Amino acid sequence: MIVAHILVEKQFWMAQLVRAPTIWFHPKLLPKQPRNRMALNTNNTTASLNNKTNSRKLPILLFDIMDTIVRDPFYHDIPAFFGMSLEELIDLKHPTAWMEFENGVINEEELASKFFKDGRPIDLEGLKNCVRKGYSYIEGVERLLQALKQNNYEMHAFTNYPIWYKIIEDKLKISNYLYWTFCSCIYGKRKPDPDFYLAVVQHLKVDPASCIFIDDRIKNVEAAVRVGITGLHFKNADLLRQELLRLGVDIPIDGDVSEDQLKPAEGQTL
């Protein structure tokens, strides 16, 4: 009887050991936000192990582009192109034309015809050359993207920008690191519209808490947090690296990658 009892007890504890674990992701870092945690529970340990190589690595990283990854020529170069100060440019430009262009409502020729609210003509090709020259990586950001790529994180652009994102891609080859998935000109929505954030989550088919969104504009970060996405306010590459590490994102010390790793993401289209 004693031996039988020991065998039953042994079988019980062995059963407990093979139960699937619960994986807890790090809580949000933004102040005054609830410390939500997302648990991934698997009911079938064997199936989980068999599909391990096909599992999706979390969190998914969503990056704003302008002044987060890429220097924005609007503030630095376009005023000089038109021979005016930034204040003058803001005062004279059409109040909605650029947003309409970002949302794909108007094309670049229509943008040129209404760029200024007084209807003055502009040199469209000259403007496009101006922005192309002005596009460059924010200091330290490309190396951080390389490190994240090296650790196989899924990364997507989540940006308010017009069809000119193709000019950025042509010059900087950002698709070496991330997908140009969520551009306002494709979706017809702009941040901080909550519907845009919800469309992102729906497209990715993940819980919002399994995404981290990085943007230089705090209002866009706050909008992400309101729908349950972890938000980080971008200031510079070094601080972003520290914040990602605090969230449990694995970042190699050496951000260099091989040429094979620096290939556009599979299925990338422009």
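Fair warning: this is a prediction, and the values are worked out from it, not measured in the lab.

Cut-offs and rules
- Residues numbered from 1 in each chain as written.
- Predicted model: local features only at pLDDT ≥ 70, side-chain atom pairs only at ≥ 80, totals over all residues.
- Heavy atoms only, no water.
- Buried < 20%, exposed > 50% of the residue type's maximum accessible area, 1.4 Å probe, protein only.
- Helix = DSSP H or I, 4+ residues; strand = E, 2+ residues; numbered from the N terminus.
- Arc of directions from axis to C-beta.
- Contact = heavy atoms within 4.5 Å.
- Axes fitted to C-alpha atoms, helices over the stretch in contact; angles between N-to-C directions.
- Parallel < 35°, antiparallel > 145°, perpendicular 65-115°, else oblique.
- Left-handed = near helix turned anticlockwise from the far one by under 90°.
- Nonpolar A, V, L, I, M, F, W, Y, C, P; charged D, E, K, R; others polar.
- Pairing = 2+ DSSP bridges.
- Phe/Tyr/Trp six-rings, centres within 6.5 Å; stacked < 30°, edge-to-face > 60°.
- Lys NZ or Arg CZ within 6 Å of the ring centre and 35° of its normal.
- Core = buried A, V, L, I, M, F, W, Y, C linked by side-chain atoms within 4.5 Å.
- Domains from an automatic or database assignment.

(A) Structural context of helix α14 (residues 237-246). Considered for burial, the residues of α14 that qualify are Ala 237, Leu 240, Glu 243 and Leu 244. In an axial view of α14, the angular spread of the buried residues amounts to 120 degrees, which keeps them on one side of the axis. Away from its buried face, by an angle of more than 90 degrees, α14 presents the exposed residues Asp 238 and Arg 246. Buried residues along α14 sit against β3 (60-63), α9 (141-150), β6 (211-215) and β7 (230-233). Of the residues one or two after α14, Gly 248 is the one with positive phi, at around 90 degrees.

(B) Quick peek at the packing of helix α8 (residues 124-134) against helix α10 (residues 165-172). Running from N to C, α8 and α10 cross one another at 45 degrees; their axes reach a closest spacing of 10 Å. It follows that α8 is oblique to α10 by the angle criterion. In the crossing of α8 with α10, the sense of the turn from one axis to the other is right-handed. Contacts between α8 and α10 involve Lys 128, Arg 132, Lys 133 and Gly 134 from the former and Ile 167, Asp 170 and Lys 171 from the latter. Of the residues contributing to the contact of α8 with α10, the split by class is 1 nonpolar, 1 polar and 5 charged.

(C) The arrangement of the sheet that holds β7 in detail. One open sheet holds the 5 strands; their spatial order is β5-β4-β3-β6-β7, and the pairing between them is parallel. Pairing within the sheet leaves two strands with one partner each, and these edge strands are β5 (179-183) and β7. If you compare each strand with its neighbour and ignore which way they point, the axes differ by 25 degrees on average. Where β3 lies against β6, 4 bridges are found, and the strand directions are parallel.

(D) Layout of the environment of Pro 95. Along the polypeptide, Pro 95 turns up in the loop between α5 (86-92) and α6 (97-102). Pro 95 sits 22 residues away from Lys 117 along the chain, and the two C-alpha atoms are 7.4 Å apart.

(E) Expanded view of the packing of aromatic side chains. Under the counting rule described, the total for this entry stands at 19 aromatic pairs. Ring centres of Phe 158 and Phe 196 lie 4.8 Å apart, and the angle between their planes is 85 degrees; this geometry places the pair in the edge-to-face category. Remark: Phe 196 occurs in helix α12 (residues 194-204) and Phe 158 occurs in strand β4 (residues 155-159); sequence separation between them is 38 residues. Relative to Tyr 187, the ring of Phe 182 lies with its centre 5.8 Å away and its plane at 55 degrees, an arrangement referred to as tilted. Residue class for Phe 182 comes out buried when judged on its relative accessible area of 0%. In this arrangement the basic side chain of Lys 57 is found over the ring face of Tyr 153, its NZ or CZ atom lying 4.3 Å from the centre. Residue placement shows Lys 191 over the ring face of Phe 158; its charged tip is 5.5 Å from the ring centre.

(F) Representation of the nonpolar core in the model. With 56 residues, the main nonpolar core has Phe 63, Ile 69, Tyr 135, Leu 148, Trp 164, Ile 168 and Leu 244 as its most contacted residues. At 5 residues, α9 tops the list of elements feeding residues into this core. Summarising the domain contributions, this core has at least three residues from each of domain 1 (60-71 + 136-247) and domain 2 (76-134). Not counting chain neighbours up to four residues away, the residues in contact with Ile 168 comprise Ile 65, Met 66, Val 70, Tyr 135, Tyr 161, Lys 173, Ile 174 and Trp 180. Membership of the second largest hydrophobic core comes to 17 residues, among which are Phe 182, Phe 196, Leu 204 and Cys 211.

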